[in-house]
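Breakdown of the fold
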Amino acid sequence: MTVQTDLSPALRRATELLAVRGIDPVVQDGYLDTLRPRPDAIAGADSKGIQALWASKAGAGLYRFAQALVRGVLRGSRTPAAWLVLPSEGVILDVGSGLGHVTHVLADRAGPDVVVLGADISAPMLARAAKACTDPRVGFLLADARRLPFDDGCVDGVASTAVLQLVPDRAAALAEMVRVLRPGGVLTVMIPSTKHGPAKLMSALPGGGAHYFDDDELPGMFAANGLTDVEVRQKGSFQWVRGRKI
């Protein structure tokens with residue numbers, strides 16, 4: 001394992017978690033690249049197409065708009081912001097963190113003793129997120145949601161906002177979020193639940209490939225992965241689903 005002496009507390013904690021899996025990340029533009037030592041981690045043209053899309057100006061612009069909208073929802077209302085059930089200590093993983101807007105909101109909500117790690121497959125977005133980051137409790141890493149580079153049950157909370165509908169293998173990504181979550185931890189996922197607003201715009205992008213969930217689809221996936229206390233909240237055209245790992 002390469003020793004990095006100038007890492008922020010968040011990135012130092014991330015390297016400790018990655019070391020358990022035998023991953024020696026490369027520090028790239030302020031974030032940890034967990035894929036370079038394992039070039040097979042992104043397999044298939046589908047994921048390459050998704051990464052190319054979000055690296056484009058159109059994709060990045062739309063993603064920025066969608067995350068800003070989610071950030072406004074989180075900061076402007078106790079529902080569902082207070083409903084996230086964030087841990088008071090340990091590590092929170094933000095899957096599909098993009099430019100890091102929601103990652104920072106999670107850190108603000110969780111309190112001073114929590115490290116929040118944002119994972120995304122878009123290197124250009126992570127570079128921008130890392131450059132804008134001034135909170136030492138927040139760190140970013142390049143990773144594939146379908147093969148998260150963490151050990152089983154090693155993070156204390158997992159959140160994913162407006163991302164799962166874009167992942168080629170949604171079932172694999174959700175299973176990975178559950179796998180890395182510790183017993184007793186809470187997983188919260190937000191998805192656009194109708195073909196309106198941001199979801200409609202995403203569907204118009206070439207190669208966007210956005211999936212639109214039926215009302216019962218995501219809660220069913222939570223239950224199928226063994227999560228309990230599954231709850232659903234609808235806010236506008238967004239569906240929020242949370243569940244606890246036993």
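Residues numbered from 1 in each chain as written. Predicted model: local features only at pLDDT ≥ 70, side-chain atom pairs only at ≥ 80, totals over all residues. Heavy atoms only, no water.

1. Side note on the overall build of the protein
Within the protein one finds nine helices and nine strands. Within the protein, the fraction of its 246 residues that count as buried is 54%. Across the protein, every contact between residues at least 6 apart in sequence was considered, and the portion connecting residues at least 24 apart equals 68%. Carbon and sulfur atoms provide 53% of the accessible area of the protein, an area that totals close to 10,300 Å². (Helix = DSSP H or I, 4+ residues; strand = E, 2+ residues; numbered from the N terminus. Buried < 20%, exposed > 50% of the residue type's maximum accessible area, 1.4 Å probe, protein only. Contact = heavy atoms within 4.5 Å. Areas by Shrake-Rupley, 256 points an atom, 1.4 Å probe, with all protein chains shown as cover.)

2. Looking at helix H7 (residues 170-180)
Listed as buried for H7 are Ala173, Leu174, Glu176, Met177, Val178, Arg179 and Val180. Those residues of H7 that are buried are in contact with strand S3 (90-95), strand S6 (155-161), strand S7 (181-192), helix H9 (217-224), strand S8 (227-235) and strand S9 (238-245).

3. Section: the pattern of salt bridges
Taken as a whole and judged by the stated rule, the model has eight salt bridges. The partner of Asp135 in a salt bridge is Arg137, and the shortest N-O contact between them spans 2.8 Å. Between Asp156 and Arg182 there is a salt bridge, with the nearest N and O atoms lying 3.0 Å from each other. Here Asp156, found in strand S6, pairs with Arg182, found in strand S7; they are 26 residues apart in sequence, far enough to count as distant. (Salt bridge = Lys/Arg side-chain N within 4 Å of Asp/Glu carboxyl O.)

4. Comments concerning the nonpolar core
One broad trend across soluble globular proteins is that nonpolar side chains are buried collectively. In terms of nonpolar packing, the biggest core is built from 40 residues, with Leu93, Leu117, Phe150, Val158, Leu187, Val189 and Leu218 touching the most fellow members. Secondary-structure elements contributing two or more residues to this core are helix H1 (9-19), S3, strand S4 (114-120), S6, H7, S7 and H9. In terms of nonpolar packing, the next biggest core, distinct from the first, is built from 22 residues, Ala107, Ala159, Ala162 and Phe238 among them. (Core = buried A, V, L, I, M, F, W, Y, C linked by side-chain atoms within 4.5 Å.)

5. Some words on the pairing of S3
In terms of burial, S3 is largely enclosed, as five of its six residues are buried. Looking at chain direction, S3 and S4 are connected through six bridges and run parallel. For Val91, the partnering residue across the bridge sits in S4 and is Val115. Regarding topology, helix H5 (residues 101-110) serves as the crossover connection from S3 to the parallel S4, and that connection is right-handed. As paired strands, S3 and S6 are joined by three bridges and run parallel to one another. By the bridge assignment, Leu93 is partnered in S6 with Val158. (Pairing = 2+ DSSP bridges. Right-handed = clockwise from strand over helix to strand, strands pointing away.)

6. Some points on the confidence of the model for the protein
Close inspection of predicted coordinates is inappropriate in any region flagged by low pLDDT. Per-residue pLDDT for the protein has a mean of 83; in total, 73% of the residues score no lower than 70. Here residues 39-47 scores under 50 on pLDDT; set against residues more than four positions off or in separate chains, the count is 16 contacts. (pLDDT = per-residue confidence, 0-100.)

7. Details of unusual backbone geometry
Here the phi dihedral of Asp29 falls at roughly 50°; this positive angle occurs in a residue that is not glycine. As for its position among the elements, Asp29 is in the loop between strand S1 (26-28) and strand S2 (31-33). On the accessibility criterion, Asp29 (51% relative accessible area) is exposed.

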